[in-house]
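Here are the chains, one letter per residue:
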Amino acid sequence: MQEDYNVTAIQDKWLPLWDDLKPFDSSRKDDTRPTKYVLDMFPYPSGDLHMGHAEAYALGDVIARYWGQKGYNVMHPIGWDAFGLPAENAAIKRGLDPRAWTYENIAQQKASMRRYACSFDWDRVLQTCDPSYYQWNQWLFLELYSRGLAYRKNSNVNWCPSCQTVLANEQVVQGLCERCDSVVTKKSLTQWYFKVTDYADRLLDDLSQLEGKWPSKVLSMQRNWIGRSQGANIDFAIEGMDQKISVFTTRPDTLYGATFMVLAADSELAQELASATSKEIHEQFESYLEEVKKANDIERLATDRKKTGVFLGHYALNPINDERIPVWVSDYVLADYGTGAIMAVPAHDDRDIEFAKTFDLPVFMVVDTGEEDPAVSGIATSGDGVIVNSGELNGLNKADAISKAIELVEAKGTGKGAKNFRLRDWLISRQRYWGTPIPIIHCDKCGEVPVPADQLPVELPASEGLDLAPKGTSPLGAASDWLNVDCPTCGGRAKRDSDTMDTFVDSSWYFLRFLNPNSDEVPFEKEQAEKWAPVDQYVGGVTHAILHLLYARFFTKVLHDIGMVDFEEPFTRLLNQGMVLMNGSAMSKSRGNLVRLSEQLDIHGVDAIRLTMAFAGPPEDDIDWSDVSPAASAKFLARAWRIAQDVTSKPESNFASGDKGVRKATHQFLSGFKEAIESHKFNVGVAKAMELTNHLRKAIDQGVGPADIAVREGAEELAKALSLFAPYTSEDMWQLLGHKPTVALAQFAEVESELLVEQKGIAIVQIDGKLRDKFEVDVSISEDELRELALSSELVKKTLQGKEISNIIVRAPKLVNIATK
RNA sequence: GCCCCGAUAGCCCAAUGGCAGAGGCAGACGACUUAAAAUCGUCACAGUGUGGGUUCGAGUCCCACUCGGGGCACCA
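Parameters and conventions
Residues numbered from 1 in each chain as written. Chains lettered and ligands numbered in written order. Predicted model: local features only at pLDDT ≥ 70, side-chain atom pairs only at ≥ 80, totals over all residues. Heavy atoms only, no water. Helix = DSSP H or I, 4+ residues; strand = E, 2+ residues; numbered from the N terminus. Buried < 20%, exposed > 50% of the residue type's maximum accessible area, 1.4 Å probe, protein only. Contact = heavy atoms within 4.5 Å. Areas by Shrake-Rupley, 256 points an atom, 1.4 Å probe, with all protein chains shown as cover. Lys, Arg positive; Asp, Glu negative; His and termini not counted. Charge placed at Lys NZ, Arg CZ, Asp CG, Glu CD. Core = buried A, V, L, I, M, F, W, Y, C linked by side-chain atoms within 4.5 Å. Near = heavy atom within 4 Å. Polar contact = N/O pair within 3.5 Å; in protein donor to acceptor, adjacent residues only side chain to side chain. Axes fitted to C-alpha atoms, helices over the stretch in contact; angles between N-to-C directions. Parallel < 35°, antiparallel > 145°, perpendicular 65-115°, else oblique. Nonpolar A, V, L, I, M, F, W, Y, C, P; charged D, E, K, R; others polar. Pairing = 2+ DSSP bridges. Left-handed = near helix turned anticlockwise from the far one by under 90°. Arc of directions from axis to C-beta.

Attention shifts here to the overall build of chain A. A count of helices and strands for chain A gives 27 helices and 34 strands. With the C-alpha coordinates aligned to their principal axes, the bounding extent of chain A is approximately 100 × 90 × 50 Å. Looking at chain A as a whole, 53% of its 821 residues qualify as buried. Contacts in chain A between residues far apart in sequence, at least 24 positions, make up 72% of those at least 6 positions apart. For chain A, the accessible area works out to roughly 36,000 Å², and carbon and sulfur atoms hold 48% of it. Here chain A contributes 89 positively and 119 negatively charged side chains, and the mean placements of these two sets differ by 3 Å.

Set out below in structure tokens:
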């Protein structure tokens, strides 16, 4: 009895069965399969899953299911990045409890993932807002604290006036809050930091281990972000004062060309020097500083900005030649990069020459690059050249002069080779409610006191009665029962730290928590880490290229140093899937181009949507939903399904007697398919499955017929391959073919390589690279035979008439190229 | 300004330096059908953004440029 392919029916049929079978349980004690750890970036539970999730999880699932069918015990867990501002903001807006709101969304997403047939191990699940999870955030915080890697300091921090909280450097995009696009301002606050800068060198150098395994784009973004520069710190004495100005420069070779100094207007040293000068200059400085403070990052970053500044009335002495040079302040020097002061070499730096031109300061060329003297042209030169006007450096090139200059200042004791980073320490305090409480108690007598381990977790108090609306201080400050505690050291009255941690702390180590998601003893067991970690394949969006991935790499290195893991990089391979767009732009309600996932699933079925995601193009490319056709995917799945339905042979495993041509197609498919999936060309893998389907259709209708055992072999491998993209259809095909569920555990057949070898092949003959003739040859043909054959071709002879052969290239059995003069 | 990625048929995309086409969409035609849908089959369509170079041979490698996308940027 022939039936129709019914999407809804097979979804309803198989989903409950899989729940019973638990094919993706990775914790079976007697499991001897080799292991793989495949991880999708966990979602933020704001509403139901959307098209972007659908793509990410479809692709992650292809990889996880593939390794499962290759015979691996695959750990493919899922969790929720459940703390954070959106929950809180939604809760404020609707007067709800953020906790209830979050758990409701998690339940909804979980149901959608189950329907979407993600191959998750549902026994390895976590939610970062559970005390059983965040207690380990607190534990890790204290580990970092005890090693001096978590510390508190006062500084001018990034402040989002709309979110009413501080932001990490990484959360400020082009001067705007990455979350709400408000203009970020500066505020002087005492906040907690993680000392990421201690790891800057390792974070940068270890990127080379990931070369070829992570997208090069992400590697370069991380390198840019860490931003290491090599150079020297050089001290300039200040005339008539004990103070020194220390500068960082990447161009110590231009030391003789320094004609003035510039201090960051908002640096402490500027303040000090301004106090030790005439009243008039001091007043000028103060009013300039006011101006500078008013400017926000947007204005400051404007490229055509005029240089401004104030002369401080002081002179510094160039350590290499005792030249007397004036000291200025300006806002183009940043207080928090390098030493907050520079030696200005206008001849060889764009910014410095702009400043020199504005204030009529001297320009003195010390590198002859062959271009016009900057003092004349007004254009700074920064290339390599011959050092001039520089005493003992004269005649050297740039690189040699840099080394020599460092030697000279080191010998004089006025400088040192140094490197500098763009990367800053990670500010982790947040003045918000829905996050992990910082496990520190502030005591007037004892100062900062860590919460003793046996008092962890410091649970978040209920939100009831608290005003969650942003007001610049943490809502927890009003939870007086929770806030006021006895000091663990002296027993006196003390207060808890009322800030919560940046949620990126949660996601910096969650991939390790999946090893023991329910342990109350340890964050994770070392033996489990040895068995599973690091993550073999990580899948997620490129939006996390800097923030999350950098922090996770930092945590991993810290955990390595603590001795908790034996590796230094958390994610061996990384796949960044693209975005799902609609008509060329990101989907959004306000743009009116939102495609609802649930609707798509209702119309086309889960399998068709998943297949469409995989088939749309290379996974890292964006998918424009208007370019793809889920209906076509559904059509193909029905076509494949009918192949399984048409097979009439009984299940057996000896296919040797099957039709050679069909078997060849099957094994060529297998070989190409595996290669495509392993190199993450999922679209090519799908195309190959379509090709096999077309071949089998033809074999059934016009060839060997549905009873040939080779057709069964092809149909079975097709079913297994489709399991990666279309689990429901595939499972149903597997049953039609007389097998028991679940196809997800059925392993791919080994490629029989003798079936891949062709007896005959087409050889082509080119003359000067142009195709002139082709003929069928035996693949074992020798070069000489093929050359003879080519030269005896009538077509070739005709083309060669009147031409002189200069060279004949033979690549048996495929090609002969005859070059003429 | 610096760095990275991309450009192949009407569209989405394939192609270890060796016949430009694997697959799909849209299209044309045919079979089945009273008809349509579904299904099955057949066909057409580009010389690879531009200009150079290397090579017996370049979509593929190199150089310059155009366009599109992304990252960093008063970072010393």
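The discussion continues.
Before going further, it helps to spend a moment on the nonpolar core. Residues Trp 426 and Phe 725 are the most contacted members of the largest nonpolar core, which totals 175 residues. Counting residues in hydrophobic clusters, the runner-up holds 38 residues, among them Ile 238, Ala 265, Leu 273 and Ile 406.

To continue, consider the protein's contact with RNA strand B. RNA strand B sits among 49 residues. The nearest are Thr 250, Arg 351, Arg 422, Lys 774 and Asn 817. Here, RNA strand B places atoms within 4 Å of the protein, and 63% of those atoms are sugar or phosphate. Within the side chain of Ser 229, an N or O atom sits 3.3 Å from a phosphate oxygen of RNA strand B. At 2.4 Å, a backbone N or O of Thr 250 approaches a sugar or linking oxygen of RNA strand B. Elements with a minimum of two residues in the surface near RNA strand B: α7 (216-226), β11 (244-249), α10 (297-301), α21 (630-646), α23 (682-702), β31 (760-767), β33 (805-811) and β34 (815-820). Considering every element that reaches the surface near RNA strand B, the biggest residue donor is α23, with 9 residues.

Attention now goes to the packing of helix α22 (residues 660-678) against α23. Look at α22 against α23: their axes get within 8 Å of each other, and the N-to-C directions meet at 170°. One finds that α22 runs roughly antiparallel with respect to α23. Here α22 contributes Gly 661, Val 662, Ala 665, Thr 666, Phe 669, Gly 672, Phe 673, Ala 676 and Ile 677 to the contact with α23, which in turn contributes Phe 682, Val 684, Gly 685, Lys 688, Ala 689, Leu 692, His 695, Leu 696 and Ala 699. Looking at the contact of α22 with α23, its residues break down into 12 nonpolar, 5 polar and 1 charged.

This next bit is on the sheet that holds strand β1 (residues 35-40). For sheets, the rule is that strands pair by backbone hydrogen bonds, running either parallel or antiparallel. Here 4 strands make up an open sheet; going across it, the order is β2-β1-β26-β27 and the pairing parallel. The two strands at the open ends of the sheet, each matched to only one other strand, are β2 (73-75) and β27 (571-577). The average angle at which neighbouring strand axes cross in this sheet is 20°, direction not considered. For β1 and β2, the ladder comprises 3 bridges, and the chain directions are parallel. Residue pairing for β2: Thr 35 is matched across the bridge by Asn 73. The strands touched by helix α18 (residues 547-562) are β26 (535-541) and β27; relative to β27, the strand with the most contacts, the crossing angle is about 175°.

For the pair helix α5 (residues 131-146) and α18, the least separation of the axes is 12 Å and the interaxial angle reads 65°. By the angle between their directions, the pair α5 and α18 is classed as roughly perpendicular. Once α5 is placed against α18, the crossing between them reads as left-handed. Facing Leu 140, Glu 143 and Leu 144 of α5, the residues of α18 in contact are Phe 554, Phe 555, Val 558, Leu 559 and Ile 562. Counted by class, the contact of α5 with α18 contains 7 nonpolar, no polar and 1 charged residues.

Taken together, the buried positions of helix α8 (residues 268-275) are Leu 269, Ala 270, Leu 273 and Ala 274. For α8, the arc enclosing every buried residue in end-on projection is 135°, short of the 170-degree limit, so these residues lie on one face. On its buried face, α8 is in contact with β10 (228-238), β11, β12 (260-264), α9 (279-294), β13 (310-317) and β14 (324-330).

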